[in-house]
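Structure assessment
Here is what each chain is made of, one letter per residue.
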Amino acid sequence: MTLLSRCIQFFLGIRVVNWIILQVSVAVLLDNFINASHRINEESRKSKQTGMQVRNEDRSPLNPLLSLLSRCYTGEEDLSKRIRSLFKTLDADQTGVLSCQNFCEGIRKLRVRPRIYISDSDFVHLTHDGILCNDQGLIGPKEFEIMMREQMLHYTE
């Protein structure tokens, strides 16, 4: 074998080895990229779920009603007027106070989309564990306005 043929074989051998090393390197880099991408996606999904849990805890069941109120009122007095009107609508038996049952049934009957369903525990939460209620567990118009304004404030934050 001549020197020239040995040089050609040597350089061809180096090229084959380089080609193999290149392919292996690309495969390793691609595998690392895919693993990192999966890890980032998983972390993103977990953070979104955590964020949704926090947002869901902050969500009020009254949000469809609050959305409507926030778009309609023109000032503080107008908002008070609308809240008083809502109270009168919910006070079907016209006693001047709302029980948990009156409130839940009245809210459910409103023509708001999506329909609102209030549970007893929602009522307790909205009234700050009954702090806004009187001794009989009923809520008056002033306390109702306090509750609705507070919900509006949380809704608009």
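Residues numbered from 1 in each chain as written. Predicted model: local features only at pLDDT ≥ 70, side-chain atom pairs only at ≥ 80, totals over all residues. Heavy atoms only, no water.

Attention now goes to the overall build of the protein. Along the backbone of the protein there are six helices and zero strands. In sequence order, the protein lays out its α and β elements as α-α-α-α-α-α. The C-alpha atoms of the protein give 33 Å as radius of gyration, which overshoots the globular expectation for 157 residues (15 Å, by more than 25%). On the principal axes, the C-alpha backbone points of the protein span a range of 115 × 35 × 25 Å. Put simply, the protein has 157 residues, and 26% of those count as buried. For the protein, the accessible surface area stands at approximately 11600 Å², while carbon and sulfur atoms represent 57% of it. Between the centroid of the 20 positive side chains of the protein and the centroid of its 19 negative side chains there is a distance of 13 Å. (Helix = DSSP H or I, 4+ residues; strand = E, 2+ residues; numbered from the N terminus. Rg over C-alpha atoms; globule rule 2.2 N^0.38 Å. Buried < 20%, exposed > 50% of the residue type's maximum accessible area, 1.4 Å probe, protein only. Areas by Shrake-Rupley, 256 points an atom, 1.4 Å probe, with all protein chains shown as cover. Lys, Arg positive; Asp, Glu negative; His and termini not counted. Charge placed at Lys NZ, Arg CZ, Asp CG, Glu CD.)

This next bit is on the packing of aromatic side chains. Going through the model one piece at a time under the given rule, you end up with four aromatic pairs. For the pair phenylalanine 103 and phenylalanine 144, a centre-to-centre distance of 6.2 Å together with 70° between the ring planes defines the contact as edge-to-face. With a gap of 41 residues between them, phenylalanine 103 in helix α4 (residues 100–109) and phenylalanine 144 in helix α6 (residues 141–156) connect regions that are remote in the sequence. Phenylalanine 103 gets classed as buried once you look at its relative accessible area, which sits at 0%. Each member of the aromatic cluster is reached from another via a ring pair, and the members are Phe87, Phe103, Phe123 and Phe144. (Phe/Tyr/Trp six-rings, centres within 6.5 Å; stacked < 30°, edge-to-face > 60°.)

The biggest cluster of nonpolar side chains holds 27 residues, and the ones touching the most others in it are Leu62, Leu65, Phe103, Ile107, Phe144 and Met148. Looking at this core, the elements that each hand over two or more residues are α2 (63–72), α3 (76–90), α4, α5 (120–126) and α6. The leading source of residues in this core is α3, at five residues. Apart from residues no more than four positions distant in its own chain, leucine 62 is found in contact with Phe103, Ile107, Ile116, Ile118, Leu126, Met148 and Gln151. (Core = buried A, V, L, I, M, F, W, Y, C linked by side-chain atoms within 4.5 Å. Contact = heavy atoms within 4.5 Å.)

Relative orientation of the contacting elements α2 and α6 amounts to 85°, with a least axis distance of 10 Å. In terms of orientation, α2 and α6 fall into the roughly perpendicular class. The segment α2 lies against α6, with Asn63, Leu65, Leu66, Ser67, Leu69 and Ser70 engaging Met148, Gln151, Met152 and Tyr155. (Axes fitted to C-alpha atoms, helices over the stretch in contact; angles between N-to-C directions. Parallel < 35°, antiparallel > 145°, perpendicular 65-115°, else oblique.)

For the bond running from arginine 113 to proline 114, omega is -5°, close enough to zero to count as cis. With respect to the secondary-structure elements, proline 114 resides in the loop between α4 and α5. Positive phi values are uncommon outside glycine, yet glutamine 94 reaches one of about 55°. Within the secondary structure, glutamine 94 sits in the loop between α3 and α4. The backbone phi angle of histidine 128 is positive, close to 55°, even though this residue is not glycine. Position of histidine 128 among the secondary structure elements: in the loop between α5 and α6. Histidine 128 sits in the partly exposed class, given a relative accessible area of 33%.

A cluster of like positive charges, contributed by Arg108, Lys109, Arg113 and Arg115, occupies part of the molecular surface. Secondary-structure assignment places arginine 113 in the loop between α4 and α5. Of the residues examined, arginine 113 reaches a relative accessible area of 62% and is grouped as exposed. (Patch = residues over 30% accessible without salt bridge, like charges linked within 9 Å, V, L, I, M, F, W, Y side chains within 5 Å. Salt bridge = Lys/Arg side-chain N within 4 Å of Asp/Glu carboxyl O.)

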